[in-house]
Amino acid sequence: MLTVDFDRLGIGPSTTVIDVGCGAGRHAFEAYRRGADVIAFDHDADEIRSVDTMLKAMAEAGEAPKTASAKAVVGDALHLPYPDETFDCVIASEILEHIPQDDAAIAELIRVLKVGGTLAVSVPRWLPERVCWLLSDEYHSNEGGHVRIYRANELRDKITRGGMELTHSHHAHALHSPFWWLKCAIGVSNTDHFAVTAYHKLLVWDLMQRPRITRMAESMLNPLVGKSVAMYFTKPQTVESEATQGYSVASG
């Protein structure tokens, strides 16, 4: 289930991509399939081991071009171990809401992006997320859980203050908002409830079959209750990022 629209990223052979906070690896896998040189990056060593196993399996099965490369790396999003302007594309999907020092993380995302490159960021949308927080403390107050709810303009401003230019935004996964409201109302850990299991089967069916009826429904509902907001930025040729300047001073 992709949150980021890859058709907007220009990813293909020889493109360098880092998926920061890659989790289970969904966006890294898609970039690899498209022929990019990919870094799947996350602080969770268990997740990274699973992602590495899948990347190797994809290579063996011929699911990615032989010219592409992929590597899974454990590390800290606040201190990305790469030089300035390393990547053509930086993806950070559903991670900033987990990071207390989000400004520092954003500065790092911008720092490692090449001039002219694309940054794709997604976070939970304010309204669906707010409903979840109101229904359940368990949803967000666990270790490593969500530490904030973003308004779209707040996130946009945080990133554009770093010298980036917003090129597009959209909402995604409207069918997932009611699912999470249901889980929060019943109990996040109550995974055996018949309503939760039935809805989950619907989501799996939608993911695997991609039927026209659910695609149309989600397209219509995304502007209203899309679970995530995704934003796309470019790093201008002539504007030096304030975030990069701050990183350079701090690193010096």
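Residues numbered from 1 in each chain as written. Predicted model: local features only at pLDDT ≥ 70, side-chain atom pairs only at ≥ 80, totals over all residues. Heavy atoms only, no water.

Going by what an unreviewed UniProt entry lists, the protein chain is known as SAM-dependent methyltransferase and is assigned to Mycobacterium intermedium.

Q: Would you explain the packing of aromatic side chains in this entry?
A: We describe a pair of aromatic rings using the distance from one ring centre to the other and the angle between the two ring planes. In the structure shown here, the tally under the stated rule is five aromatic pairs. Summarising the aromatic geometry, the rings of Phe41 and Tyr82 are spaced 6.3 Å apart at their centres and angled 65° between planes, so their arrangement reads as edge-to-face. With Phe41 in strand E2 (residues 37-42) and Tyr82 in the loop between strand E3 (69-74) and strand E4 (87-93), this residue pair connects regions lying 41 residues apart in the sequence. Residue class for Tyr82 comes out buried when judged on its relative accessible area of 17%. Chaining the aromatic ring pairs together yields one cluster made of Tyr139, Phe179, Trp180 and Tyr199. Lying over the aromatic face of Trp126, Arg151 brings its terminal NZ or CZ to 4.1 Å of the ring centre. (Phe/Tyr/Trp six-rings, centres within 6.5 Å; stacked < 30°, edge-to-face > 60°. Helix = DSSP H or I, 4+ residues; strand = E, 2+ residues; numbered from the N terminus. Buried < 20%, exposed > 50% of the residue type's maximum accessible area, 1.4 Å probe, protein only. Lys NZ or Arg CZ within 6 Å of the ring centre and 35° of its normal.)

Q: Teacher, can you tell me more about the sheet that holds E4 here?
A: The strands making up a sheet are joined through hydrogen bonds of the backbone, oriented either antiparallel or parallel. If you trace the seven strands from one edge of the open sheet to the other, you get E3-E2-E1-E4-E5-E7-E6, paired in mixed fashion. A single partner strand is all that each edge strand has here, and the edge strands are E3 and strand E6 (165-172). For this sheet, the mean angle separating the axes of adjacent strands, direction not counted, is 15°. Pairing geometry for strand E1 (residues 16-20) and E2, over five bridges, is parallel. The residue bridging Ile18 from the neighbouring strand is Ile39, located in E2. (Pairing = 2+ DSSP bridges. Axes fitted to C-alpha atoms, helices over the stretch in contact; angles between N-to-C directions.)

Q: Whenever I open this one, the nonpolar core confuses me. Can you help?
A: In summary, soluble globular proteins display a tendency toward joint burial of nonpolar side chains. The biggest cluster of nonpolar side chains holds 31 residues, and the ones touching the most others in it are Val20, Tyr82, Val90, Leu96, Leu119 and Leu155. Only E1, E2, E4, helix H3 (102-111), strand E5 (113-124), helix H5 (152-160) and strand E7 (228-234) provide two or more residues apiece to this core. Setting aside chain neighbours within four positions, we find Leu96 in contact with Asp102, Ala105, Ile106, Val121, Val123, Arg148, Tyr150 and Leu155. Membership of the second largest hydrophobic core comes to 25 residues, among which are Leu55, Ala64, Ala68 and Ala120. (Core = buried A, V, L, I, M, F, W, Y, C linked by side-chain atoms within 4.5 Å. Contact = heavy atoms within 4.5 Å.)

Q: Looking at this structure, I do not really get the pairing of E5. What am I missing?
A: Regular strands show a simple pattern: their side chains alternate between the two faces of the sheet. Burial analysis of E5 places nine of its 12 residues in the buried class, which makes it a mostly covered element. When E4 meets E5, the two strands line up parallel, connected through six bridges. Residue Cys89 lies in a different strand from E5, and its bridge partner there is Thr118. With H3 bridging E4 and the parallel E5, this β-α-β connection has right-handed handedness. (Right-handed = clockwise from strand over helix to strand, strands pointing away.)

Q: Would you mind going over the packing of helix H4 (residues 126-135) against helix H6 (residues 176-186) with me for this structure?
A: Pairs of packed helices are described in terms of their axes, by the angle between the two and the distance that separates them. At a closest axis distance of 8 Å, the pairing of H4 and H6 adopts a crossing angle of 10°. Looking at the two axes, H4 sits roughly parallel to H6. Touching Pro128, Val131, Cys132 and Leu135 of H4 are Ser177, Trp180, Trp181, Cys184 and Ala185, all from H6. Here the residues of the contact of H4 with H6 are counted per class, giving eight nonpolar, one polar and no charged. (Parallel < 35°, antiparallel > 145°, perpendicular 65-115°, else oblique. Nonpolar A, V, L, I, M, F, W, Y, C, P; charged D, E, K, R; others polar.)

Q: Hey, could you run me through the UniProt feature "domain: Methyltransferase type" (unreviewed entry) in the protein chain in this one?
A: In the numbering adopted here, UniProt assigns the feature "domain: Methyltransferase type" (unreviewed entry) to residues 18-120. A distance of 11 Å separates the end C-alpha atoms of residues 18-120, which is 33% helix and 29% strand. (UniProt positions renumbered as here; feature names shortened; annotations may be inferred.)

Q: Would you explain the pattern of salt bridges in this entry?
A: Working definition: two side chains of opposite charge can pair if their charged atoms are close together. Tallied over the full model, the rule gives 16 salt bridges. A salt bridge links Arg8 to Asp5, with the nearest nitrogen and oxygen atoms 3.6 Å apart. Exposure remark for Asp5: the relative accessible area of 28% places this residue in the partly exposed category. The salt bridge involving Asp157 is made with Arg156; its shortest N-O contact spans 3.0 Å. Judged by its relative accessible area of 29%, Asp157 falls in the partly exposed class. Each of Asp7, Glu30, Arg33 and Arg34 takes part in a single network of salt bridges with overlapping partners. (Salt bridge = Lys/Arg side-chain N within 4 Å of Asp/Glu carboxyl O.)

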